[in-house]
Amino acid sequence: MNNIVSLKWLLARLYESDLVIVDCRFQMGKGQENAGREAYEASHIPGAVYLDLEKDLSAPVEADGHGGRHPLPDAAQLTGTFSRAGIGNASRVVAYDDQGGAMASRLWWLLKYLGHDQVYVLDQGFTAWREAGYPVNAEQQVRIPAQFLAEVQHSMLAEVDDVRELLGTDLATLIDSREPARYRGEVEPLDKAAGHIPGAINRFWKEALDAQGAWRDADAQAARFDGLLQDAPLIVYCGSGVTATPNVLALQEAGYTNVRLYAGSWSDWISYSDNEIATGDE
């Protein structure tokens, strides 16, 4: 796999000087905002720095809801965040979480978006690392800032206007990454309206993982998206632009070459009162 590294791969390179390990653990939900940092402070992979989904990897939520629940930070802000974490252009970055790779994939996507190619997600995550008997500690190292020069890859991003233009056309396929019940509009635990963007197909992001929580191989990922041409334009979304990123990663593993993230996702879409909403199966 091109974007996933194994526990043993990381163990063998744990103390190499160009490696930056980023702990991305984060719990969604009210009252859980500090759970990831607290878990990091209690125990983490040696040398790891912590980046918080909401404080570091998202911009503040807009009062009107536009941009979604986890708006993209601007490139200058992100560049500063990564530089302070010790990530430079020559760094190899390995991100991990304990949420099936969703938070780590957000970091993976953001670095790719800024033109940084050497970024990987750790297979299975922190609990698997610890249960394998690999080293952990609670030490927090002071990172020396690194020079990070971004080359923003605008072709990786879709905005709400891009999605609007595609409705009712066959110019691109929309992929909704949420649980099927949320896609169908039967439940909605986080956002103020239930349903999906009209015309979207549903591919739940957790199906990128096997029963043990490991990433499926390229053939298995391709089977999840069977029927879509590998060079066809695809736009992936979820609730707020986080759990869509594992699907973006899975599509890249499967050889899809024209994939954009609608970063605002469903929470941005419903912030515009004139945007259509669909329910049930397409």
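Below is a summary of the structure that appears in this document. Just so it is clear, the model here is predicted, and its values are computed rather than measured.

For sheets, the rule is that strands pair by backbone hydrogen bonds, running either parallel or antiparallel. With respect to topology, five strands assemble into an open sheet ordered β6-β10-β9-β7-β8, the strand pairing being parallel. At either end of the open sheet lies a strand with only one pairing partner, and these are β6 (157-158) and β8 (201-202). Across two bridges, β6 lies against strand β10 (residues 259-262) in parallel orientation. Directly across from L157, in β10, lies its bridge partner L261.

Moving on, we come to the sheet that holds strand β2 (residues 19-23). One open sheet holds the five strands; their spatial order is β1-β5-β4-β2-β3, and the pairing between them is parallel. Looking at strand neighbours, the two that pair on one side only are β1 (4-5) and β3 (49-50), the edges of this open sheet. Pairing between β1 and strand β5 (residues 119-122): two bridges, direction parallel. Counterpart to V5 in the pairing with β5 is L122. Packing of helix α4 (residues 102-113) onto the sheet brings it into contact with β2, β4 (92-96) and β5, and relative to β5 it is tilted by some 175°.

Where α4 contacts helix α9 (residues 245-253), the axes come no closer than 8 Å and their chain directions differ by 65°. Looking at the two axes, α4 sits roughly perpendicular to α9. Read as a crossing pair, α4 and α9 show a hand that is left-handed. Contacts between α4 and α9 involve A102, S105, R106, W108, W109 and K112 from the first element and T245, P246, V248, L249 and Q252 from the second. When the residues that make up the contact of α4 with α9 are grouped by side-chain class, the tally is six nonpolar, three polar and two charged.

Here we come to α4. With twelve residues, α4 ought to run about 16 Å at 1.5 Å a step, and its terminal C-alpha atoms sit 16 Å apart, in line with that. Of all twelve residues making up α4, twelve are buried, and the element is well covered by its neighbours. Immediately downstream of α4, the backbone of G115 shows phi near 90°, a positive value.

Before going further, it helps to examine the side chain of N3. Within the secondary structure layout, N3 lies in the segment before β1. Here the side chain of N3 touches W108 through a polar contact of 3.2 Å, side chain to side chain. Filtering out sequence-adjacent residues up to four positions away, N3 remains in contact with W108, K112, Y120, V121, L249, Q252 and E253.

Turning our attention to unusual backbone geometry. Despite not being glycine, Q124 shows a phi value in the positive range, around 75°. Relative to the elements of secondary structure, Q124 occurs in the loop between β5 and α5 (126-131). Classification of Q124 as partly exposed rests on a relative accessible area of 36%. One non-glycine residue, S265, adopts positive backbone phi at about 55°. Relative to the assigned elements, S265 resides in helix α10 (residues 265-269).

Next up on the list: the environment of D231. Checked against the element boundaries, D231 lands in the loop between α8 (218-224) and β9 (234-237). Given the relative accessible area of 55%, D231 is considered exposed. Spatially, the C-alpha atom of D231 lies 5.7 Å from that of N258, the residues being 27 residues apart in sequence. The contacts of D231, once residues within four sequence positions are left out, are T257 and N258.

Rules used throughout
- Residues numbered from 1 in each chain as written.
- Predicted model: local features only at pLDDT ≥ 70, side-chain atom pairs only at ≥ 80, totals over all residues.
- Heavy atoms only, no water.
- Pairing = 2+ DSSP bridges.
- Helix = DSSP H or I, 4+ residues; strand = E, 2+ residues; numbered from the N terminus.
- Contact = heavy atoms within 4.5 Å.
- Axes fitted to C-alpha atoms, helices over the stretch in contact; angles between N-to-C directions.
- Parallel < 35°, antiparallel > 145°, perpendicular 65-115°, else oblique.
- Left-handed = near helix turned anticlockwise from the far one by under 90°.
- Nonpolar A, V, L, I, M, F, W, Y, C, P; charged D, E, K, R; others polar.
- Expected span 1.5 Å × (residues − 1).
- Buried < 20%, exposed > 50% of the residue type's maximum accessible area, 1.4 Å probe, protein only.
- Polar contact = N/O pair within 3.5 Å; in protein donor to acceptor, adjacent residues only side chain to side chain.

Function cannot be read off these values alone, since they describe shape.
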